[in-house]
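The lines below spell out each chain.
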Amino acid sequence: MTGFVTLEGVRKVWSPAVAVGPLGFAVARGETLALLGPSGSGKTTVLRLLAGFEAPDAGRILVAGDDVTAVPPARRRFGMVFQHYALFPHLDVGENVAFGLRGPRAAVARKVAEVLALVDLAGFERRRVHELSGGQQQRVALARALAPEPRVLLLDEPLSNLDPALRERTRRELRALIRRIGITTVFVTHEQEEAFDLGDRVAVLHEGRLEQVGTAEELYERPANLFVATFVGRANVVRGPTARALGAGEGQVAVIRPERLRFAPAGVPAVVRERRYAGAAAFYQVETAGGDRLEVLAAPDAARVGASVHVAAERVLTFAEERA
Amino acid sequence: MRRRVWAPVALTLLLAWLVLYPILVVAGAAADRDAVTAFVTRRAEWAALGASCWISVASVALAAAVGVPLAFLFEALEFPGRRLLGSLIALPAVLPPLVGVIAFLFLYGESGFVARAVQALLGLPRAPWRLQGAGAILLVHAYSMYVYFYLFTRAGLARRDAALLEAAQALGAGRWRTLTRVTLPLLRPALAGAALLVFMTALGSFSAPYVFGGDFRVMTTQIVATKLNGELPLAMVETVALALVALVGLAVLRRTEGDDIVTALGKGTAPRRRPIRRAGARAAAAAAGWLLAAVLLLPHLTLALVSLVPYGTWTTETVPPVLSLVNYRRVFSEPERLQPLLNSLWMATASTLAAVALALAAGALVGRRPAAARAWWRRPIEALLALPWALPGTVFAIALATTFSVHRPLALRWVLVGTVVLLPLAYLVRNLPVTGRAVLAGYRQLDPALAEAAASLGAGPWATFRRVTLPLLKPALAAGGSLAFVAALGDFVTSIVLYTYDNRPIAIEILASLRLSELGVAAAFGVLLMGLSAAVLALGARR
């Protein structure tokens, strides 16, 4: 893939124990890439390196073939939406959106009205920032970032400050907007659902390392390692005899998704300890004779608590045991 | 980042030259065997040093005894007139030190209103008392410094989390136990902070000991007297001794302040005020409140009244027989009298602007992003900005007078004594802590993401400063700037050491008028100073 935005061997060292990289990936023109990882994984650092707020200790950052590693943020032409939006409290909505615009007053006003309409806030120019709801503030931040027509859009946890009910709707709108503009986008999130929904591809980060980059399906079905397998989606991790009984080799770790386990006439014997009803299906906690616990996703009436069952696996992911 | 190192280095050196270097020069000059011997062997020196210490400690005790109960009264109870009284109670803060002192003189002094009233009432041949000595000094200190305890305690009480008090009650603690085990421990940082402020202010206090002291000398008045006697090396030793007492006091009180974590925990809502239910108690509380307000306002009113008394018209009567605006007319129409007003205005303006500019530079270097907070220059710059606060004004006045009395350009010393520059320079140094604190606090409250947002929108460092940082810092600049301006406008302690005829400020003119028994003119100047201070402070506090 030819990258529009490319990171090559980028490394940032905070302290001997805390470092990000060296890592490299490429984002195609018009693609949306999600940076997914637990807190402290370095995903925000990668975004800030892209924006130019941090300078890498090694490596290069390329945009459209130009090395921008030494270009200050003000001249990088990346639009950024901050986690807490960072709207200027002393300016109104229109002045916030116009902040990055130059040129004759009328042209600026026209552009402001245009981007505000784009985020569904037409006519909000003279509103004070603190009078807006969280969702509206988020859209103003988006409009402000988009107004100067940046080459790349960067979003830092774009939905984390919204309440759950609003989050899903905003996510849909955000996805539609990014598609419509066709802007190359990189965003940071710690929520897998958000990454899968918004990202064309997802880069999984862990302790400063890039574990895997791929589509949601690739990450779920063909995780590159044990961390990705367990961080992305629900997973049963088993070792020892139970793993071998389910098809893993000697010294291997078996990872099985709950929906890939089923109750069967033959298989690993176990006892149902808990049942968690989830509407169309239920999660069953079963315990094997060896004391391993497995989570099975099955029909709501597949088993009762306390029943003795047999569990079989349809698809088992196996990994070499990782050094601690 | 590397090429930016010259800026912090330059600012650190400039601040060190302004703040630290003069102190070192004085310390060097004090290392004079004869002078040290003289200081150690003279009884008067030890008496003055001891007086400074005990007056300061007693001022803390008195100010706390007045301010803390008042704060509890206003924060915990609801009674008629609480809001109005609560704001009146901070009024002593708008009285510059010397103005407060002359107001007390006119009110409680030998020929003041109260003494005359008592004399007339009891038919005494002479005034019943003289306002002099340690008692008089402590009276003025208690009046002007209880405000610190009052404001700090109120702020501490307002920060309390009601849930903490409810938790104590739920665990079976009564009102007294809650007070001693929860409320007071939580207030410790606030009380220690107020104690520190009062101690330092009392230690550096000059106006009250100068006017009321008589033979009773404290260190600040002793230093100025020694300097006037021409015993310069001895004055240096005294200055260093006073500075050492200040630093020891600072260190001791800082230790008792403890961690601020205790207060940082309280994030909930403040407890509600308890209304006074019984009608009799309500009336008593309101009456006590208004009586208190009257006592607090009397000095201001006295000053206003005396400013209306024409020269020579008030001799033995209890109340002045003639009132007119002639004093004000004289202040504004006689160039000789208008000049001090103009001098004070330009010097306060210039020193405040410079102090704000230096504070902004410091803020940009140490207050901005987290990276700057970790930089090596953060501590030296912050310490240099705060140092003038830790040392009495007299110390700085003597230090600057000593440093800039010789022409040694290679040692960065020029002759500024006798020029109009030295006094505003001293105001500037004295103003650094207040502007520095305000601006640094303002910088810390700025979300670093705002500057980054501006950068990502194409704004360079200067545009970001002009379009984002400066507008957001405006409240902090106004607050710090107004406090600095008022302090410089009313300054007496450094002025009396450093003024020249060409830049004599208002406080010096007040003193001169007093010496000529032109009480009305002195009071008129006091009223002008008071009004200007109140107006500037109100402007600075506006959102």
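Cut-offs and rules
- Residues numbered from 1 in each chain as written.
- Chains lettered and ligands numbered in written order.
- Predicted model: local features only at pLDDT ≥ 70, side-chain atom pairs only at ≥ 80, totals over all residues.
- Helix = DSSP H or I, 4+ residues; strand = E, 2+ residues; numbered from the N terminus.
- Buried ≥ 20, exposed ≤ 12 C-beta atoms within 10 Å, placed from the backbone.
- Contact = placed C-beta atoms within 7 Å.
- Nonpolar A, V, L, I, M, F, W, Y, C, P; charged D, E, K, R; others polar.
- Pairing = 2+ DSSP bridges.
- Core = buried A, V, L, I, M, F, W, Y, C linked by C-beta atoms within 7 Å.
- Axes fitted to C-alpha atoms, helices over the stretch in contact; angles between N-to-C directions.
- Left-handed = near helix turned anticlockwise from the far one by under 90°.
- Domains from an automatic or database assignment.
- Parallel < 35°, antiparallel > 145°, perpendicular 65-115°, else oblique.

K.L.:
Could you give an account of the overall build of chain B, naming the residues involved and the relevant values?
P.N.:
Of regular secondary structure, chain B possesses 25 helices and 2 strands. Here the C-alpha coordinates of chain B stretch approximately 80 × 70 × 50 Å along the principal axes. Put simply, chain B has 543 residues, and 44% of those count as buried.

K.L.:
Which residues make up the interface of chain A and chain B, and what values go with them?
P.N.:
The partner chain B presents 15 residues to the 16 residues of chain A that form the contact. Of the residues belonging to the side of chain A that touches chain B, the class tally is 11 nonpolar, 4 polar and 1 charged.

K.L.:
Quick one: what's the story with the pairing of strand 16 (residues 308-313) of chain A, residue by residue and with numbers?
P.N.:
Residue and element names in this part refer to chain A. Only one face of strand 16 is covered, namely the one carrying V309, V311 and A313; the face carrying S308, H310 and A312 has none of its residues buried. Pairing analysis gives 7 bridges linking strand 13 (residues 261-278) to strand 16, with the strands arranged antiparallel. Bridge pairing in strand 16 links A270 to V309.

K.L.:
I'd like a rundown of the nonpolar core, residues and numbers included.
P.N.:
Membership of the largest hydrophobic core comes to 153 residues, with the highest contact counts inside it found for B:A63, B:F149, B:V198, B:L400 and B:A426. Broken down by element, this core gets its largest block of residues, 14 residues, from helix 7 (residues 133-159) of chain B. Contacts of B:A63, omitting those with residues within four sequence positions, involve B:A142, B:M145, B:Y146, B:Y148, B:F149 and B:V198. Membership of the second largest hydrophobic core comes to 97 residues, among which are A:L142, A:L155, A:V255 and A:V309.

K.L.:
So what's going on with the packing of helix 18 (residues 378-390) of chain B against helix 20 (residues 422-445) of chain B? Residues and values would help.
P.N.:
All names here are of chain B. Where helix 18 meets helix 20, the axes come as close as 7 Å, and the angle between the chain directions of the two elements is 120°. Helix-helix and strand crossings are classified by hand; for helix 18 and helix 20 the assignment is left-handed. Counted together, L385, A386, P388 and W389 of helix 18 and V429, R430, L432, P433 and G436 of helix 20 form the full contact between these two elements. Class assignment for the residues of the contact of helix 18 with helix 20 results in 7 nonpolar, 1 polar and 1 charged.

K.L.:
I'd like a description of the environment of B:L184, backed by residues and values.
P.N.:
You can see B:L184 is positioned in helix 9 (residues 175-204). Along the sequence, B:L184 and B:L157 sit 27 residues apart, while their C-alpha atoms lie 9.4 Å from each other.

K.L.:
Help me get a handle on the sheet that holds strand 12 (residues 252-256) of chain A, residues and values and all.
P.N.:
Residues and elements named next belong to chain A. Strands sit in the order 11-12-17 across an open sheet of 3 strands; the sheet is antiparallel. Where the open sheet ends on each side, the last strands, each with one partner, are strand 11 (236-238) and strand 17 (317-320). Adjacent strand axes in the sheet meet at a mean angle of 25°, parallel and antiparallel pairs treated alike. Alignment of strand 12 against strand 17, held across 4 bridges, turns out to be antiparallel. Directly across from A254, in strand 17, lies its bridge partner T318.

K.L.:
Quick one: what's the story with unusual backbone geometry, residue by residue and with numbers?
P.N.:
All names here are of chain A. Positioned with a positive phi, A86 is a non-glycine residue whose angle comes to about 50°. Mapped onto the secondary structure, A86 falls in the loop between strand 6 (78-81) and helix 2 (93-98). Looking at A86, the number of C-beta atoms within 10 Å reads 23, which means it is buried. Despite not being glycine, E207 has its phi angle at roughly 50°, a positive value. You can see E207 is positioned in the loop between strand 9 (201-206) and strand 10 (209-214). Overall, the presence of 14 C-beta atoms within 10 Å leaves E207 in the partly exposed class.

K.L.:
Can you break down the domain arrangement of chain A residue by residue, with the values?
P.N.:
All names here are of chain A. Structurally, chain A comprises domain 1 (5-77 + 151-230) and domain 2 (236-320). Computed over C-alpha atoms only, the centres of domain 1 and domain 2 are separated by 34 Å. Domain 1 puts 5 residues into the contact, and the matching count from domain 2 is 5 residues.

K.L.:
Any details on the pairing of strand 15 (residues 293-298) of chain A? Residues and values, ideally.
P.N.:
Residue and element names in this part refer to chain A. Judged from the 6 bridges that link them, strand 14 (residues 281-288) and strand 15 form a sheet pairing that is antiparallel. Looking at the pairing, Y284 lines up with V296 of strand 15. From the end of strand 14 to the start of strand 15, which pair antiparallel, there are 4 residues, and G291 there has a positive phi angle of about 95°.

K.L.:
Tell me about the sheet that holds strand 14 of chain A, and please be specific about residues and values.
P.N.:
Residue and element names in this part refer to chain A. In space, the 4 strands of this open sheet follow the order 15-14-13-16, with antiparallel pairing throughout. Of all the strands in the sheet, just strand 15 and strand 16 have a single pairing partner and so form its edges. On average, each strand axis in the sheet is tilted by 55° relative to the strand beside it, whichever way the strands run. Alignment of strand 13 against strand 14, held across 8 bridges, turns out to be antiparallel. Across the sheet, residue A278 finds its bridge partner in strand 14, namely A281.

K.L.:
How would you explain helix 19 (residues 393-403) of chain B if you had to name every residue and give the values?
P.N.:
Among the 11 residues that make up helix 19 of chain B, 11 are buried, leaving the element largely enclosed by the rest of the structure. By the burial criterion, the buried members of helix 19 of chain B are B:G393, B:T394, B:V395, B:F396, B:A397, B:I398, B:A399, B:L400, B:A401, B:T402 and B:T403.

K.L.:
Outline the packing of helix 8 (residues 162-170) of chain B against helix 9 of chain B, listing residues and values.
P.N.:
Residue and element names in this part refer to chain B. At a minimum axis distance of 10 Å, the contact between helix 8 and helix 9 shows a crossing angle of 135°. Judged by the angle between their axes, helix 8 and helix 9 are oblique. Our pair here, helix 8 against helix 9, has a crossing hand that is right-handed. Across the interface between the two elements, L164, L165, A168 and Q169 of helix 8 pack against T178, R181 and V182 of helix 9. Partitioned by chemical class, the residues of the contact of helix 8 with helix 9 number 4 nonpolar, 2 polar and 1 charged.

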